[in-house]
Amino acid sequence: MKADVEKKAETIKKEEKPVADKITVGHVHMSGCTGCLVSLADNYGGLLTILDKYADLVYGLTLADVRHIPKMDVALVEGSVCIQDKISVQEIKETREKAAIVVAVGGCACYGNITRFTRGGQQNQPQHESYLPVGDLIKVDVYIPGCAPCPQLIRNVCVMAYLLLKGNKDQQELAKKYLTPLMQLAERGTEACGCDLMYDVVNQGLCMGCGSCAAACPVRAITHEYGKPNVNREMCIKCGACYAQCPRSFFNFDVVPEFEGIMDAIDAALK
Ligand code: SF4
Ligand code: SF4
């Protein structure tokens, strides 16, 4: 009888997900507007499930009273870096040292975005004039572009990072496939503009006139003429969303056949 009770207790213990199984995640706020964090929060119940089952938020000045950057599995970095601000430069370097995976979340962290237009000269720090995307200062592993980035994409990357670090072999393979295009995007560079569509899609004979780029642009800088995108460069804020969303840009054929499996895995994880 006693053995039975002990066995049952052991089963219950095994079924509960111990905290040690979670990955540790931090939100590092550089020169951003907190909109990327709002996007993460816009996963509503999905975010609570992630925090409940898969990830401990160990750092994030907006949400947690932790003053110094701790060691963590995943750093979600928002915002670009002002190189005249020594503390910001130190912080981003420290983030790279402390985090196993650095994710640039949003157009500012990936490409500079609106901070590409800063010229300094404003009170009370007129010397703050040069802002760089995170990848110009440290190695970034994964990009999530967009201004604001899509909540589901941030959520998916968090779930996939968990599967990569804590999952079984199959789950790790799936996570690798999912994350590879976003890692390739990080390797591609730190500059983005609506002209990417011209140089790398239209001029390469790849554009099929689907209109995804225009739908993705947050400032409606893209119109379609004769079935092809036309970018109003005066309006473009250099967020990189259009190129990232274009199905002819970094389309990855390894991921496409896995799409259903990936979505099933994410749905199952969030139940
Ligand atoms: S998203 Fe890509 S393929 Fe579609 S219209 Fe824009 S440039 Fe062309
Ligand atoms: S054209 Fe629009 S989506 Fe593309 S980089 Fe410019 S602002 Fe972003």
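**Q** What's the story with the site of ligand 2 in this structure? I'm lost.
**A** In the vicinity of ligand 2, 13 residues are found, and the nearest of them are Cys217, Cys236, Ile237, Cys239 and Cys242. A class-by-class count of the residues in the shell around ligand 2 yields ten nonpolar, two polar and one charged.

**Q** How should the packing of helix H6 (residues 151-166) against helix H11 (residues 259-269) be read in this particular structure?
**A** A pair of packed helices is characterised by two quantities: the angle between their axes and the separation of those axes. Contact geometry for H6 and H11: axes closest at 10 Å, N-to-C directions at 85°. What the angle tells us is that H6 and H11 run roughly perpendicular. Counted together, Arg155, Asn156, Val159 and Met160 of H6 and Ile262, Met263, Ile266 and Ala269 of H11 form the full contact between these two elements. Among the residues forming the contact of H6 with H11, the class breakdown is six nonpolar, one polar and one charged.

**Q** How should the site of ligand 1 be read in this particular structure?
**A** The full set close to ligand 1 counts 14 residues, and Cys207, Cys210, Cys213, His224 and Cys246 are the nearest of them. For the shell around ligand 1, a count of residues per class yields nine nonpolar, four polar and one charged.

**Q** Teacher, can you tell me more about unusual backbone geometry here?
**A** Put simply, Gln123 and Asn124 share a cis peptide bond, and its omega is 0°. Relative to the elements of secondary structure, Asn124 occurs in the loop between helix H5 (107-111) and strand S6 (131-132). Cis rather than trans, the peptide bond between Cys147 and Ala148 has omega equal to 0°. Relative to the helices and strands, Ala148 resides in the loop between strand S7 (142-144) and H6. One non-glycine residue, Asn113, lies in positive phi territory at about 50°. As for its position among the elements, Asn113 is in the loop between H5 and S6.

Rules used in this analysis
- Residues numbered from 1 in each chain as written.
- Chains lettered and ligands numbered in written order.
- Predicted model: local features only at pLDDT ≥ 70, side-chain atom pairs only at ≥ 80, totals over all residues.
- Heavy atoms only, no water.
- Near = heavy atom within 4 Å.
- Nonpolar A, V, L, I, M, F, W, Y, C, P; charged D, E, K, R; others polar.
- Axes fitted to C-alpha atoms, helices over the stretch in contact; angles between N-to-C directions.
- Helix = DSSP H or I, 4+ residues; strand = E, 2+ residues; numbered from the N terminus.
- Parallel < 35°, antiparallel > 145°, perpendicular 65-115°, else oblique.
- Contact = heavy atoms within 4.5 Å.

Fair warning: the whole summary comes from geometry, so function is off the table for now.
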